[in-house]
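# Examination of the molecular architecture
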Amino acid sequence: MKTAPRTDRRIAAAVAAALLVPAIAVPASAVAADVQLSTDIGVGTSDNILRTATDKRSETIEQVGLQFSVQNQTRRFDADVRGDLAFLNYDKNSFSSELVGNAGAAFKLDLVEDRLSWSLDDVFGQTRRDPFAVVTPLNRENVNYFSTGPNARIHLGSADRLLASARYGKVSYETSLYDTDRLSMQAGYQHDLSPVSQLGVNISHERVDPQDSGSLFQSYARQEAFARYTLGGSRTKASLDVGASRVDRSGLADDGAVVRLELS
C-alpha cells in the first residue's frame, strides 16, 4: 500500500488539534467541562472484503473504538468537541491500518460580549472516492473541513438586530483533487418572533478556489439573497431558507432558487 500523502498528514494534525484545543484554551475552567468518554474493542471477519463477484478475498478486522464528548461553556467561551472514531487493523495486511469515523469541534470566543465574537470549527469524516461504487477500504478517503472567522451583531432594540460574519475555510481530501480554499461573507437583519423563533433576511457571497493545479473544477463565486426562519431549543435547532442565488464561473452566470432546510 502507498504511504500517507501530505493531505492525510494535514488531516491527522487537524483532528489532533481539535482534541487538544479545549485542554489548552480553557485550563482554568476545566472543572466545569462536561466530559464523556467510552471505548470498545471488537473483531470482525469478511469472506469478501472487496465485495467483488470474483476473486473474493477474506479478511479479519480488529477494531478499537473511541467515543467522546467534551463541552465547556463560560461567560466568554464556548467549546463543543464530539467524535466517534475507530482504528481498524487488517490482520492479513490486505490494507493499511486506518482511522475511520467522524469528529467535530466548535469553539466561540466573545471578544466584546454579545457584540463581537470569533468562531473556529473543524469537521473530520470520510467519503467515497467513487460515489457509484460500494464502500470498501479502497473506495474510502478522509475529508476535513476547517473554517474560522468573526461574527458581529448590532442591536436595534430588544427584538431586532443586524448580523454580519466572515469565514475563511479549507477543505482537504486525502487523495482526490478536490482541495479548496473558501472565503465567505454574510450580512442580514433578524427579528425575534418569540423567545425561540426568529425571522430574517440575508445576503451572502462566497468565493471557492481549488488548491491543486490538477484540480477537477475551476474557481467560482456564489451570491445568495434569502429569507430565513429559525426555531431552536437548548439542544435542537432548525432553520429554513428560501430565496435566490447566482453562480459565476469563467464569466458565465447561472441563476437559481434557494430552498435549504437544516436540522442540528
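Remember, predicted model here, so these are calculated numbers, not experimental data. (Residues numbered from 1 in each chain as written. Predicted model: local features only at pLDDT ≥ 70, side-chain atom pairs only at ≥ 80, totals over all residues. Heavy atoms only, no water.)

## Re the overall build of the protein chain
Helices and strands together make up the secondary structure of the protein chain, namely one helix and twelve strands. Overall, the protein chain shows an N-to-C arrangement of helices and strands of α-β-β-β-β-β-β-β-β-β-β-β-β. Residues counted as buried form 32% of the 264 residues belonging to the protein chain. In the protein chain, of all internal contacts separated by at least 6 residues, the share reaching a separation of at least 24 is 49%. Put simply, the protein chain shows about 15,800 Å² of open surface, and 58% of that area lies on carbon and sulfur atoms. (Helix = DSSP H or I, 4+ residues; strand = E, 2+ residues; numbered from the N terminus. Buried < 20%, exposed > 50% of the residue type's maximum accessible area, 1.4 Å probe, protein only. Contact = heavy atoms within 4.5 Å. Areas by Shrake-Rupley, 256 points an atom, 1.4 Å probe, with all protein chains shown as cover.)

## Here we look at the environment of Asp-110
Secondary-structure assignment places Asp-110 in strand S4 (residues 98-112). Distance from Asp-110 to Arg-76, taken between C-alpha atoms, is 4.9 Å for residues 34 residues apart in sequence. What Asp-110 contacts, discounting residues up to four positions off in sequence, is Arg-75, Arg-76, Leu-116 and Ser-117.

## Observations regarding the sheet that holds strand S12 (residues 252-263)
The strand order S1-S2-S3-S4-S5-S6-S7-S8-S9-S10-S11-S12 describes an open sheet built from twelve strands, whose pairing is antiparallel. Lying at the two open borders of the sheet, with one neighbouring strand each, are strand S1 (34-46) and S12. Going across the sheet, the axis of each strand differs from the next one's by a mean of 15°, ignoring polarity. Pairing of strand S9 (residues 197-210) with strand S10 (residues 220-232), which is carried by twelve bridges, proceeds in the antiparallel orientation. Across the sheet, Leu-199 pairs through a bridge with Tyr-229, a residue of S10. (Pairing = 2+ DSSP bridges. Axes fitted to C-alpha atoms, helices over the stretch in contact; angles between N-to-C directions.)

## A few points about the nonpolar core
In terms of nonpolar packing, the biggest core is built from ten residues, these being Phe-68, Val-70, Phe-77, Ala-79, Val-81, Leu-85, Ala-103, Ala-105, Phe-107 and Phe-124. In contact with Ala-103, other than residues within four places in its own chain, are Phe-68, Arg-82, Gly-83, Leu-85, Asp-122, Val-123 and Phe-124. In terms of nonpolar packing, the next biggest core, distinct from the first, is built from eight residues, Leu-50, Ala-86, Leu-88 and Val-100 among them. (Core = buried A, V, L, I, M, F, W, Y, C linked by side-chain atoms within 4.5 Å.)

## Here's the deal with the side chain of Glu-98
Relative to the helices and strands, Glu-98 is located in strand S4. A polar side-chain atom of Glu-98 sits 2.4 Å from a polar atom in the side chain of Arg-140. Setting aside chain neighbours within four positions, we find Glu-98 in contact with Ala-86, Phe-87, Leu-88, Tyr-90, Pro-137 and Arg-140. (Polar contact = N/O pair within 3.5 Å; in protein donor to acceptor, adjacent residues only side chain to side chain.)

## What to know about the pairing of strand S2 (residues 59-73)
For S1 and S2, the ladder comprises 13 bridges, and the chain directions are antiparallel. Residue pairing across strands places Gln-36 opposite Ser-69, the latter belonging to S2. Judged from the 13 bridges that link them, S2 and strand S3 (residues 77-90) form a sheet pairing that is antiparallel. Residue pairing for S3: Ser-69 is matched across the bridge by Arg-82.

## Some thoughts on the pattern of salt bridges
By the definition in use, this model includes 14 salt bridges. Between Arg-161 and Asp-192 there is a salt bridge, and its shortest N-O distance comes to 2.7 Å. Of this pair, Arg-161 sits in strand S7 (residues 160-173) while Asp-192 sits in strand S8 (residues 180-194); the two residues are 31 residues apart in sequence, bridging distant segments of the chain. Connected through salt bridges with shared partners, the residues Glu-224, Arg-228, Asp-241 and Arg-260 form a single ionic network. (Salt bridge = Lys/Arg side-chain N within 4 Å of Asp/Glu carboxyl O.)

## Describing the confidence of the model for the protein chain
Considering every residue of the protein chain, the mean pLDDT works out to 87; 88% of them sit at 70 or more. Confidence over residues 1-14 falls short of pLDDT 50; this stretch has 28 contacts with residues more than four positions distant or in other chains. Note on residues 16-31: pLDDT under 50 across the span, and 14 contacts to partners over four residues away in sequence or across chains. (pLDDT = per-residue confidence, 0-100.)

## Some remarks on the environment of Asp-248
The topology assignment puts Asp-248 in strand S11 (residues 237-249). The contacts of Asp-248, once residues within four sequence positions are left out, are Tyr-220, Ala-221, Gln-223 and Ala-253.

## Digging into the side chain of Ser-204
Positionally, Ser-204 belongs in strand S9. For Ser-204, a relative accessible area of 18% gives the class buried. Among all residues touching Ser-204, those that are not within four sequence positions of it are Met-185, Gln-186, Arg-222, Gln-223, Glu-224 and Phe-226.

## Points about the environment of Trp-118
Its location among the elements puts Trp-118 in strand S5 (residues 116-127). Residue classification places Trp-118 among the partly exposed residues on the basis of a relative accessible area of 40%. C-alpha of Trp-118 to C-alpha of Pro-150: the two residues are 32 residues apart in sequence and 4.3 Å apart in space. In this view, Trp-118 contacts Phe-107, Lys-108, Leu-109, Leu-111, Thr-148, Gly-149, Pro-150 and Asn-151; residues no more than four positions away in its chain are not counted. Side chain to side chain, Trp-118 and Thr-148 meet in a polar contact 2.7 Å long.

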